[in-house]
Amino acid sequence: METQWWNLKAPELRDLAKKGAVVIIPVASTEQHGPHLPTQVDCLLVGEIARRTAEQASNSVPAIVTPVVWTGLAEHHMSLGATISLDFDAFFTVLRGICTSLTRHGFRKILLLNGHGGNIAALTVIVNELAPALDAPIATTTYWLLAQPAFAKILEKQANVRHACEAETSMVLALKPELVDMSQATNAVGPTAPELATVIGTAAAHRWQSFRVRTSHGAIGDPRAASAEKGERLLAAAADAVAALITKNEFWNAPA
Ligand SMILES: [Zn+2]
């Protein structure tokens, strides 16, 4: 079954709405990814995971994928260059417009599938605003948080996705190796300074910080340990985890 919104025609999408299809909106960011990876990393990865998820899930429930939301909240990357960011109001307005369009066409089960750390807090707030306002079970997840147990078994140098790291570099190597400069991986090992939680002795307080405070080159993690083979396993594990979530009836039908 065709799963890409952009490849489908209006009568097919009207039919999919009637059948109760799940709509996945991949939400990403365009930002610096150190000296060895291109700025498209978050868009590439979450777009591919969304595509694989929809294909897998379609065995039990119709699922389709909108085009990737390519810019999000990345102010913390701005001082390292290469980054395009929205502010919260603009981000919320874009996602509200997309979700409102979908619900007006009869789609109800909507997943904002996130692929960028800086979007996590905002997406929780946005879903809490939009679900009651649009009276639909609008949900969000971040793929590496959902797939954490599987990712921990695949990765050797880190417990989960960090930034321009073993995990992200592996997945880009699996999909677009021509865009990776592994000769620069030795210059992208970090963090180069401790996190705020370590400095103040608690993770229970939050303060905004530029990424630059923690990493002079823009990467956090160890891309030297990356491989295409690991990347393929990570992508498959992520799609498995998201497909398991969206094919669970209770996820959509539990009382709101
Ligand atoms: Zn990102």
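Residues numbered from 1 in each chain as written. Predicted model: local features only at pLDDT ≥ 70, side-chain atom pairs only at ≥ 80, totals over all residues. Heavy atoms only, no water.

Asker: Residue-level account of the coordination of the zinc ion, with values.
Answerer: Of the protein atoms, only E31 (OE), D42 (OD) and H116 (ND1) coordinate the zinc ion, at distances of 1.8 to 2.3 Å. Donor residues for the zinc ion, ordered by position in the chain, follow E-x10-D-x73-H. Highlighted residues: E31 in the loop between strand 1 (22-27) and helix 2 (41-57) and H116 in the loop between strand 3 (110-114) and helix 4 (120-134), separated in sequence by 85 residues. Like E31, the residue H116 is buried in the burial classification. (Donors = N, O, S within 2.8 Å, 3.2 Å for Na, K, Ca; no water. Helix = DSSP H or I, 4+ residues; strand = E, 2+ residues; numbered from the N terminus. Buried < 20%, exposed > 50% of the residue type's maximum accessible area, 1.4 Å probe, protein only.)

Asker: Any chance you could break down the pattern of salt bridges for me, citing the residues and the numbers?
Answerer: Evaluated as defined, the whole model comprises 11 salt bridges. Of the charged contacts in the structure, one is a salt bridge between E195 and R214, with a shortest N-O distance of 3.6 Å. With E195 in the loop between helix 7 (166-175) and helix 8 (196-200) and R214 in the loop between helix 8 and helix 9 (228-246), this residue pair connects regions lying 19 residues apart in the sequence. Sharing partners across several salt bridges, the network here consists of E48, R51, R52, E55 and E232. (Salt bridge = Lys/Arg side-chain N within 4 Å of Asp/Glu carboxyl O.)

Asker: Provide a residue-level description of the sheet that holds strand 2 (residues 63-65), including the pertinent values.
Answerer: The strand order across the open sheet formed by 4 strands is 2-1-3-4, and the pairing between neighbours is parallel. Taken across any chain shown, the strands that pair with only one partner, and hence form the sheet edges, are strand 2 and strand 4 (138-142). Direction aside, the axes of adjacent strands within the sheet are offset by 25° on average. Two strands pair when backbone bridges link them, and strand 1 and strand 2 are joined in this way by 3 bridges, in the parallel orientation. Bridge pairing in strand 2 links V23 to I64. (Pairing = 2+ DSSP bridges. Axes fitted to C-alpha atoms, helices over the stretch in contact; angles between N-to-C directions.)

Asker: Tell me about helix 3 (residues 88-104), and name the residues and values.
Answerer: When the terminal C-alpha atoms of helix 3 are compared, their 24 Å separation across 17 residues agrees well with the 24 Å that a helix rising 1.5 Å per residue should span. Three or more residues of helix 3 are buried, namely F91, F92, L95, C99, L102 and T103. Angularly, the buried residues of helix 3 cover 95° about the axis, an arc narrow enough to put them on a single face. Across from the buried face of helix 3, at angles greater than 90 degrees, the exposed residues are D89 and R104. Buried positions along helix 3 lie against strand 1, strand 3, helix 4 and strand 4. Once helix 3 ends, the next one or two residues include G106, with phi positive near 100°. (Expected span 1.5 Å × (residues − 1). Arc of directions from axis to C-beta. Contact = heavy atoms within 4.5 Å.)

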